[in-house]
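# Summary of the model geometry
Listed below, chain by chain, are the residues.
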Amino acid sequence: TTVNKNSGDGIRVADSGTKASIDGCTITNSKSCGINVTKATLKKLTNNTIQSNKKHGVGLYSNASTSTVSKNTIKKNKDKQVYVETGCKTSLKTK
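Residues numbered from 1 in each chain as written. Predicted model: local features only at pLDDT ≥ 70, side-chain atom pairs only at ≥ 80, totals over all residues. Heavy atoms only, no water.

As a further point, take the environment of G57. Structurally, G57 can be placed in the loop between β7 (49–51) and β8 (58–61). By relative accessible area, which is 0% here, G57 ends up buried. Sequence-distant contacts of G57, that is, excluding residues within four places in its chain, are made with C33, G34, I35, I50, I74, N77, K80 and Q81. (Helix = DSSP H or I, 4+ residues; strand = E, 2+ residues; numbered from the N terminus. Buried < 20%, exposed > 50% of the residue type's maximum accessible area, 1.4 Å probe, protein only. Contact = heavy atoms within 4.5 Å.)

Neither face of β8 is exposed, since V58 and L60 on one face and G59 and Y61 on the opposite face are all buried. Bridge count between strand β5 (residues 35–38) and β8: four bridges; the pairing is parallel. Of the residues in β8, the one forming a bridge with I35 is V58. Bridging between β8 and strand β11 (residues 82–84) involves three bridges; their strand directions are parallel. (Pairing = 2+ DSSP bridges.)

Even without being a glycine, K39 presents a positive backbone phi close to 55 degrees. Mapped onto the elements, K39 comes out in the loop between β5 and β6 (41–46). One non-glycine residue with positive phi stands out, namely N47, at about 60 degrees. Along the chain, the position of N47 falls in the loop between β6 and β7.

Shape descriptors only; they carry no functional weight alone.
In structure tokens, the structure reads:
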């Protein structure tokens, strides 16, 4: 799946109780974050290319959490490649 030039976040996972997995996507040139996770759980973020977004590549906000984050290419985003707000839980694997 390719997400390109969205007017906001490329992909947004929001609301308490929401659980999602994102695998094998290309997310580029969004006007905000490539992926925004707010008050939700991202069970898997794997095998994605997230680049050239106007804010963070991946942003975790408001007690969001992730279980597995691996094998992603996250580069050339305007702000941070991965932003984790205080209070969020994540496990990051980097090369």
